[in-house]
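Summary of the model geometry
Residues per chain, in single letters:
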Amino acid sequence: MGVLKSIETGDAGPVAWIDPDRYTQHNLAVGDGLAGFGAVLQALPEGSAKVDTRRVFADGNHVFAHTDYNFFGPKIGFDIFRFKDGRIVEHWDNLQETPADPNPSGHTMIDGPTDASDLASTETNKALVRSFLDDILVNGRLDKLAGYFDGDNYAQHNPQIGDGLSGLGAALEAMAAQGITMKYDTIHTVLGEGNFVLAVSEGHLGGVHSSFYDLFRIENGRIAEHWDTIEAIPPSTEWKNENGKFGFPA
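Report follows, based on the coordinates. (Residues numbered from 1 in each chain as written. Predicted model: local features only at pLDDT ≥ 70, side-chain atom pairs only at ≥ 80, totals over all residues. Heavy atoms only, no water.)

Looking at the sheet that holds strand β7 (residues 182-193)
Note the threshold: Following DSSP output, two strands are said to pair if at least two bridges run between them. In this text, helices come from DSSP runs of H or I with a minimum length of four residues, and strands from runs of E with a minimum of two, each type numbered from the N-terminal end. Throughout, a contact is declared for two residues whenever any of their heavy atoms are within 4.5 Å. To get an axis, a line is fitted to the C-alpha atoms, and for a helix only the part in contact is used. The angle between two axes follows their N-to-C directions and goes from 0 to 180 degrees.
The strand order across the open sheet built from five strands is β6-β10-β9-β8-β7, with neighbouring strands paired in mixed fashion. Looking at the sheet topology across the chains shown, the edges are occupied by β6 (155-156) and β7. In this sheet, strand β10 (residues 222-232) lies alongside β6 in parallel orientation, the contact comprising two bridges. Directly across from Q156, in β10, lies its bridge partner H226. Of the strands in this sheet, β7, β8 (196-205), β9 (208-219) and β10 touch helix α3 (residues 122-138), which is tilted by about 175 degrees from β7.

Side note on the nonpolar core
The test is simple: Definition of nonpolar core: a set of buried residues of the types Ala, Val, Leu, Ile, Met, Phe, Trp, Tyr and Cys, connected through side-chain atoms within 4.5 Å. For the exposure calls, accessible area comes from a 1.4 Å probe over protein chains only, and a residue counts as buried if that area is under 20% of its type's maximum, exposed if over 50%, partly exposed in between.
Within the largest apolar cluster, 24 residues are counted, with the highest numbers of intra-cluster contacts made by V129, F132, L133, Y148, F149, F216 and I223. When contributions to this core are tallied by element, the ones reaching two or more residues are α3, α4 (164-177), β7, β8 and β9. Per element, the largest residue contribution to this core is seven residues, and it comes from α3. Once residues lying within four places of it in the same chain are set aside, the contact partners of F149 are F132, Y154, L165, R222 and I223. With 18 residues, the next largest nonpolar core counts V15, I18, F81 and L95 among its residues.

Structure follows, in structure tokens:
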């Protein structure tokens, strides 16, 4: 996306896509409106920013992107933009520091397929992901877990977890042994294009209030691949805007 790439290039042209009178910012480290976006760009050390957007999808008036950043340090991020009258009026994101090494199965947080297919199944795939999150991550109905996957055929891009349900199970056991819990409390939105579905949720990881962005690739009605970012939500006293991390339209 041109707006994201402009962070690297400094090109002012793509900023014209932003509606300066209606732009609402949900990155809690950035001030609201176009002025807040501009202030962050000015604070970046000159020549330090890098932006490599690997995936871009659209769902109605929302566009969501998956990007490899150097933005005050290397990060992997998801960005969501809401458009109205052809201009960007709202932005959400979730950033996680890029790990130094691939995960146990050799995957990075950003590699893998990039192009959407099976466009006629968008709503079916979104419903599948919402059901998975509700069953497994919100309500802990682990007896239903296997039904969402094709055996052990599951590619995982979380930096701590290996492929397959076997890799997921091993990671959950390791977390439990360390007393680390992960709980999703609220699913805020589910967006999709074809076989790619992005879910935005709120919960706690190791007792820390967190935002979870999970991108799934669906194949033949089953979850085939997963990417994510997890970001701690700071206390409201540290927010640079008052819009909150979520605030998605109903």
